[in-house]
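Survey of secondary and tertiary structure
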Amino acid sequence: ANRLAGQVSPDYVTIVSDTGWTILDLPVELRSTAASRDQMKQMPTASATPVDPAVQRLSDLRSGDRVRVESALRQMTRPKREEIAQAVQLLAWDDMVPIVRLTLERVAETHLGLFEDALTDRETDFAVRRRLPRIMALVASDRSMAALTHGLEDPRFEVRYQCARALSRILR
C-alpha cells in the first residue's frame, strides 16, 4: 500500500513509466534524507492566502496577550460590530479597562444597541455590566436612558448603582 507512484519512503523510491512501476532501493546514506523529505511533506504549511485584517484583529483581541490586545485596540479606527462585541468582553479584564473604555467611548453612539444587549443580559460578566453604564452615559438619547433604566432592575447592586449614576449624568 505504501508503494504508490511517485512516493518517497525512508527505504525506496517508486517511479512510474510507460512499462510499469520501478521500485528503487535507496542507499543507506540517502535513507535519512528521504525520511526527512517525507516528514516535510506531511508538515502543515503556512497558507499563502493573506489573513483578513479584521480576522487577525479578532484573534489578537481574544489572545489574552496584553501587547497584542492593546495593538488591536489601537488599530480599531472604524471597528466592525464583531470587533466591538469582543472589545466589550475585554471590560472584564481589569488591567485593560482604560484602553478598552477609550476605544468603546469613540463608538458608543453607533453601537449603543450592542452595549444595551450586554448590559441587560444576566449571562454577561458582572464586571462588564457594571462598567458599561459609564460608557453609555456619553450618549444622551432616549435609547441609552431606556437601557440604563432597564439596568436598574439588575440583581447586582453595583450595576444598579452605576446605571443610576449614568442616568444622573445624562439628565444633568
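Keep in mind that this is a model prediction, so the values were computed, not measured.

Criteria and cut-off values
Residues numbered from 1 in each chain as written. Predicted model: local features only at pLDDT ≥ 70, side-chain atom pairs only at ≥ 80, totals over all residues. Heavy atoms only, no water. Axes fitted to C-alpha atoms, helices over the stretch in contact; angles between N-to-C directions. Helix = DSSP H or I, 4+ residues; strand = E, 2+ residues; numbered from the N terminus. Parallel < 35°, antiparallel > 145°, perpendicular 65-115°, else oblique. Left-handed = near helix turned anticlockwise from the far one by under 90°. Contact = heavy atoms within 4.5 Å. Nonpolar A, V, L, I, M, F, W, Y, C, P; charged D, E, K, R; others polar. Buried < 20%, exposed > 50% of the residue type's maximum accessible area, 1.4 Å probe, protein only. Phe/Tyr/Trp six-rings, centres within 6.5 Å; stacked < 30°, edge-to-face > 60°. Lys NZ or Arg CZ within 6 Å of the ring centre and 35° of its normal. Salt bridge = Lys/Arg side-chain N within 4 Å of Asp/Glu carboxyl O.

1. Some words on the packing of helix H6 (residues 112–120) against helix H7 (residues 126–136)
Their axes nearest at 9 Å, the elements H6 and H7 cross at an angle of 150 degrees. Judged on the interaxial angle alone, H7 and H6 are roughly antiparallel. Between H6 and H7 lies a crossing of left-handed hand. From H6, Leu112, Phe115, Glu116, Ala118 and Leu119 reach across to H7, where they touch Arg129, Leu132, Pro133, Ile135 and Met136. Across the contact of H6 with H7, the residue classes break down as eight nonpolar, no polar and two charged.

2. A short note on the side chain of glutamate 70
Looking at the secondary structure, you find glutamate 70 in helix H3 (residues 66–75). Relative accessible area serves as the criterion here: at 19%, glutamate 70 is assigned to the buried category. For glutamate 70, the contacting residues outside a window of four places in its chain are Met96 and Ile99.

3. Here's the deal with the packing of aromatic side chains
What the rule picks out here adds up to one aromatic pair. On the basis of an interplanar angle of 25 degrees and a centroid distance of 6.0 Å, the ring pair of phenylalanine 157 and tyrosine 161 is categorised as stacked. With phenylalanine 157 and tyrosine 161 both in helix H9 (residues 157–171) and four residues apart, the pair spans about one turn of that helix. The class of phenylalanine 157 is exposed, set by a relative accessible area of 58%. The ring of phenylalanine 126 has arginine 156 sitting right over it, with the charged end atom 3.6 Å from the ring centre.

4. A few points about the pattern of salt bridges
For the structure shown, the criterion picks out eleven salt bridges. Linking arginine 68 and aspartate 60 is a salt bridge whose minimum nitrogen-to-oxygen distance equals 2.7 Å. For arginine 68, a relative accessible area of 32% puts it in the partly exposed group. Taking the shortest distance from any N to any O, the salt bridge between arginine 130 and glutamate 158 comes out at 3.5 Å. Pair noted here: arginine 130 is in helix H7 and glutamate 158 is in helix H9, with a separation of 28 residues, a long-range link. Within this structure, Arg66, Glu70, Arg74 and Asp95 form a network of salt bridges that share partners.

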